[in-house]
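As a plain string of letters, each chain reads:
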Amino acid sequence: MKSKILIICLLVSGTVLSAQVKRTVLSGKQKLAMYQSHEEMRESSSFRDLHWQFIGPTNISGRCTDVEAIGPKGQSYTIWVATASGGVWKSINEGTTFEPVFEHQGTSSIGDLAIAPSNPEIVWVGTGEANIFRSSNPGCGVWLTKNGGETWDHMGLEETFTISRILIHPTNPDIVYVAASGHEWTKNKERGLYKTSDGGKTWEKIFYKGPESGVNDLVMDPRDPDILYATTWQRTRLKWNDPRTYENHKNNGVWKSTDGGKHWKQLINGLPPSKYMGRTGIDVARSNPDVVYAFVDDYEVAFKAEEGELDSYGRPKVDVIKGATLYRSNDAGESWRQVSGLNEETKKYMSGHSGTYGWVFAQIRVDPKDENRVYTLGLWINISSDGGATCEPIKRKIHADQHGMWIDPDNSNYILAAHDGGISISYDKGENWRNLLKELPLAQFYNVEFDNSEPFRVFGSIQDHHSFYTEVDLSGGKDKIRPTEWHYTLGAEGSTHVVDPRDNNSIYASLFYGKLAKATVEGYPEDMEWVLPSTFPEEPEFRGQWMAPTLLSDHNPDIVYHGVQHVLKSTDKGGTWEQISPDLSYNDPEKQGDISYQTISSLEESVFNPQLLYAGTDDGRLWRTRDGGKHWEDIRKEPLPVRWVSRIVASKHDFGTVYVTQTGRRDDDAAVYIWRSTDFGDTWKDISANVPAGPVNVIREDPEEENILYLGTDVGVYVTKDAGDSWEVLGDLPCTYVHDLAIHPRENLIIVATHGRGMFVLDADPVNRDKGESEKSEEE
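Here is what the cut-offs are and how they apply
- Each chain carries its own residue numbering, running from 1 in the direction its sequence is written.
- Owing to the predicted nature of the model, reporting of local features is limited to residues with pLDDT of at least 70; listing and counting of side-chain atom pairs is limited to 80 or more, with chain, interface and lining totals taken over all residues.
- Hydrogens and water are ignored here; the side-chain numbers use all heavy atoms of the structure.
- Two strands are counted as paired when DSSP detects at least two bridges linking them.
- Only DSSP runs of H or I reaching four residues or more are called helices, and only runs of E reaching two or more are called strands; each is numbered from the N terminus.
- Any two residues whose heavy atoms approach within 4.5 Å are treated as being in contact.
- In this analysis an axis means a line fitted to C-alpha atoms, helices contributing only their contacting stretch, and an angle means the value between N-to-C directions, from 0 to 180 degrees.
- Exposure is judged per residue with a 1.4 Å probe applied to protein chains only, and the accessible area is read against the type maximum: over 50% gives exposed, under 20% gives buried, and values in between give partly exposed.
- Contacts described as polar in this section are N or O atom pairs within 3.5 Å, which, within protein, must combine one atom able to donate a hydrogen with one able to accept it, while residues neighboring in sequence count only if both atoms come from side chains.
- The distinction between a cavity and a pocket rests on a 1 Å grid over the protein atoms alone: a 1.4 Å probe fits inside a cavity but cannot get out, while a pocket stays open yet meets protein on both sides within 12 Å along at least five of seven lines, and a residue with an atom within 4 Å of a point counts as lining.
- Grid points are joined across faces, edges and corners, and a volume is the space filled by probe spheres set on the points.
- Only a pair of cysteine sulfur atoms within 2.5 Å counts as a disulfide in this structure description.
- Stacked, tilted and edge-to-face pairs are distinguished by plane angle, under 30 degrees for stacked and over 60 for edge-to-face with tilted covering the rest, among Phe, Tyr and Trp rings (Trp via its six-membered ring) whose centres lie within 6.5 Å.
- Note on criteria: charge over ring means Lys NZ or Arg CZ within 6 Å of the ring centre, with the direction from the centre no more than 35 degrees off the ring normal.
- Expected span of a helix: the number of residues minus one, times 1.5 Å.

K.L.:
Quick question: what am I supposed to make of the sheet that holds strand β19 (residues 292-303) here?
P.N.:
In sheet architecture, strand pairing relies on hydrogen bonds along the backbone and comes in two forms, parallel and antiparallel. Across the sheet, which stays open at both edges, the four strands sit in the order β18-β19-β20-β21 with antiparallel pairing between neighbours. Across the chains shown, the open sheet's two edge strands, defined by having one partner strand only, are β18 (277-284) and β21 (337-338). In the sheet, β18 pairs with β19 via six bridges, with the strands oriented antiparallel. By the bridge assignment for β19, M277 is matched with D298. Docked against the sheet, helix α3 (residues 344-351) engages β19 and β20 (320-329), running at close to 95 degrees with respect to β19.

Structure, rendered in structure tokens:
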């Protein structure tokens, strides 16, 4: 009788707990513990020996945030590379080959790295990309290796989330400075500048200007390591606006310390006031350290936008700010003068230097042998040989979006550049470049789609590149798939793709912020056509997410669904459209800006009944229609929080079952949100069980086994064979951001699109077709 009572109590307790709202995970300490739990699960998983095979692309790399080398050239050939979402890589042969040396520390987002000048075996890594781009991710503090990357120790500062710069004392490697730019989406007091004098055992915050004001750049006077220059930028990113400087911001500026950070003085003579100063880079001329340059993203209006003028993403252009503006001091920061953009021609050039997002760049380097030769990093590398008066892009273009540069202090002909396309090397001051692509497999995929061709093809969109596809060659066997070059296809750098299963050729792709186009794989780009109608002047314009969801009906592939703030439906392959839902977002006018927000982020149709559709939004709403869109019911209720809906999957095995994942990334929340309903969304159960680390990006059903589910998160892939009661890490994938996942039903291959390591496949046979002894005995 007692045992029966106990069982009843547990069941009641479980019911109560399942109705509770899940706790957020906001602290870096919690996140670090979660990451460490993931690594422990990976090492003990029964699937740990399954091998993920890299399939490319071999002709595309990805965003790098910093690059450093060990000089002098000719005596050392070691290069270290920090990446936005692919960890840290090292070459000992000047880029001929690279090896990943930082791929199981629980985060692969790197803000900066630094090599100790007194001992090149000592390297510090600051995690969390400071560029806060649309796909930037937080880190978990700083790490240290004393043996060239063979082993790593975590050295604290896990609450900083992003690291913008690390400086090491030239002769004492125990003295280290770490500039923390702060949380991307929320305020935090851990921003500022930190110093350790004991090799990271203890830290002191030596400079702080408030919970919105981070230190974005830091440089040391080569004559005296106690003389430091720092820049601050007051910013918190909004979901509907790019980060920017506002009129009421008081803490932007350039600062100087002459006593190792004990005291600071703001440098203001000749520089813009705080309300105009955005992200600012700074550098000292080694050949004459009294010369200091500040590279300011200046928010003063330079030009009025012309009527109807659009930006690079097709949005109406606002007034053009001065943007990239170079200031120079000849007296170690006591006074400054603007040296760029002093006539209309150079003013216009510099205003477009960094495109629409100067807050991503603002990096500057001075030639260590020539105080007048200056490199400013924006869309391209720009060079001035006259102290900033004139500026031009490098003649031979490398990949766009420049984020880091290293110039050999002993030989300034030798330059390494870090950008959205990987790493480039110049031996002649930027006249010519060697681009490293296949050496650094860092492609940042957003999505994956496949077709049923022979051999089948996979499609995906890659950050700052385009959309691409390749064939997956299985002729050597499922365990011998080789990486390939990929080819252009319909889409943009952030797209959702769907391929018509009837011809494996007709393809639809969402483009920037909700646009939609179609073409054929063989005929693109000649046969590309836009398919969405224009809205009338009195109607709100379509408001689409960066990756607006698009799908073809399983019941009739002539039917196309597309999500903006409404669900749109076409029954004739995109020829005509009807709006079958109201605005499904909260549509708060206070949360509308220059970034599309309050949009549909996930859309799904039931294979059992075409009248049953589900839709989720980026502002946390969740909807169902049972009549093809005539009526919509809000089905988000406790325990589901108000969080971005990252994926909805209507079960192909059971009519009433639907799965939902949510991501708290844009709230600096790493909680694991995975939900299942068996009654069409009337009630929800948390099935996150023992999954340790979020955010969660995607969930998929196994096409053969009802109880097998796959999960893609910001640290890897998980699998459950009991419908979510327990999960295991799947295979030997490094710590990486898994943004999308699919299972090819004919070939039984799992395909994952990682944001930072390219695309991988895994043979699913050992997961869904190789039954263990316990399963066999149960069936018997």
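K.L.:
Teacher, can you tell me more about the environment of N137 here?
P.N.:
Position of N137 among the secondary structure elements: in the loop between β7 (123-127) and β8 (142-145). Here N137 falls in the buried class, since its relative accessible area comes to 3%. Residues N137 and I110 lie 27 residues apart in sequence; the distance between their C-alpha atoms is 8.8 Å. Excluding residues that lie within four positions of it along the chain, N137 makes contacts with S109, G128, E129, R665, D714 and Y737. Only 2.9 Å separates the side chain of N137 from the backbone oxygen of S135, close enough to count as a polar contact.

K.L.:
Would you mind going over the sheet that holds β7 with me for this structure?
P.N.:
Spatially, the four strands line up as an open sheet ordered β6-β7-β8-β9, and their pairing is antiparallel. Here the strands that pair on one side only, and so sit at the sheet edges, are β6 (110-115) and β9 (153-154). Where β7 lies against β8, four bridges are found, and the strand directions are antiparallel. Each residue of the ladder has a partner; that of V125, found in β8, is W143.

K.L.:
Whenever I open this one, unusual backbone geometry confuses me. Can you help?
P.N.:
Most of the time, phi is negative for any residue but glycine, and the peptide bond is trans. Going from G56 to P57, the amide bond is cis rather than trans, its omega being 5 degrees. For P57, the position within the fold is in the loop between β1 (53-56) and β2 (64-69). Across the junction of Y524 and P525, the peptide omega takes the value 5 degrees, indicating a cis bond. With respect to the helices and strands, P525 occurs in the loop between β36 (516-520) and β37 (529-530). You will see that N504, though not glycine, has its phi angle at about 55 degrees, which is positive. The residue N748 is not glycine, and still its phi comes out positive at about 55 degrees. The topology assignment puts N748 in the loop between β54 (738-744) and β55 (749-754).

K.L.:
What is the right way to read empty space enclosed by the protein from this model?
P.N.:
In this approach, a probe sized like a water molecule rolls over the atoms, and the result shows the empty space that is left. Throughout the structure, instances matching the rule amount to seven cavities of 30 Å³ or more. Lining the largest cavity are 16 residues, and of these Y35, P138, G694, P695 and D714 sit closest to its centre. Estimated volume of the second largest cavity: approximately 60 Å³. In terms of lining residues, the second largest cavity is bounded by T65, G111, D112, A130, N131, S164, R165, R279, Q363 and H403. Taken together, the elements giving at least two residues each to the lining of the second largest cavity come down to β6 and β10 (163-168).

K.L.:
Just to check I follow, could you spell out the state of the cysteines for this structure?
P.N.:
This structure, assessed with the given rule, holds zero disulfides. Its sulfur unpaired, C140 is 8.3 Å from the next cysteine sulfur, which belongs to C735.

K.L.:
Any chance you could explain the packing of aromatic side chains here in plain terms?
P.N.:
Here a ring pair, both rings aromatic, is described through the centre-centre distance and the interplanar angle of the planes. Under the criterion given, the structure shown has 19 aromatic pairs. Between W406 and Y414 the ring centres are 5.6 Å apart and the planes differ by 85 degrees, which places this aromatic pair in the edge-to-face class. Ring geometry for Y414 versus Y427: centroids 5.8 Å apart, planes at 5 degrees, classification stacked. Linking Y414 in the loop between β26 (402-407) and β27 (415-419) with Y427 in the loop between β28 (422-426) and β29 (434-436), this pair joins segments that are 13 residues apart in sequence. Positioned above the aromatic ring of W546, the side-chain terminus of R134 is 3.7 Å from the ring centre. Above the ring of F680, the side-chain terminus of R626 is found at 5.0 Å from the ring centroid.

K.L.:
It is not clear to me how helix α2 (residues 28-44) should be interpreted in this structure. Could you clarify?
P.N.:
Three- or four-residue spacings in an α-helix give side chains the same orientation, since the helix completes a turn every 3.6 residues. With 17 residues, α2 extends 25 Å from end C-alpha to end C-alpha; this agrees with the ideal 24 Å at 1.5 Å per step. G28, K31, L32, M34, Y35, H38, E39, M41 and R42 are the residues of α2 that are buried.

K.L.:
Sorry if this is basic, but what is going on with the environment of W380 here?
P.N.:
Residue position: W380 is located in the loop between β23 (374-377) and β24 (381-384). Judged by relative accessible area, which is 25%, W380 ranks as partly exposed. For the pair W380 and A443, spaced 63 residues apart in sequence, the C-alpha separation works out to 19 Å. Apart from residues lying up to four places away in sequence, W380 is in contact with P393, K397, I398, H399, A400 and Q402.

K.L.:
What is the right way to read the pairing of β54 from this model?
P.N.:
Each regular strand displays side chains that alternate between the two surfaces of the sheet. Burial within β54 is extensive, with seven of its seven residues counted as buried. Here β54 pairs with β55 via six bridges, running antiparallel. Paired with L741 across the strands is V752, a residue of β55. In this antiparallel pair of consecutive strands, β54 and β55, the connection spans four residues, and N748 shows a positive phi of 55 degrees.

K.L.:
Would you explain the side chain of R457 in this entry?
P.N.:
Here R457 lies in strand β31 (residues 457-461). At 2.5 Å, the side chain of R457 and the backbone oxygen of N504 are in polar contact. For R457, the side chain forms a polar contact with the side chain of E522, separated by 3.1 Å. Sequence-distant contacts of R457, that is, excluding residues within four places in its chain, are made with E449, F450, D451, Y469, T470, E471, N504, N505, V521 and E522.

Scope: geometric values only; no functional claims are made or implied.
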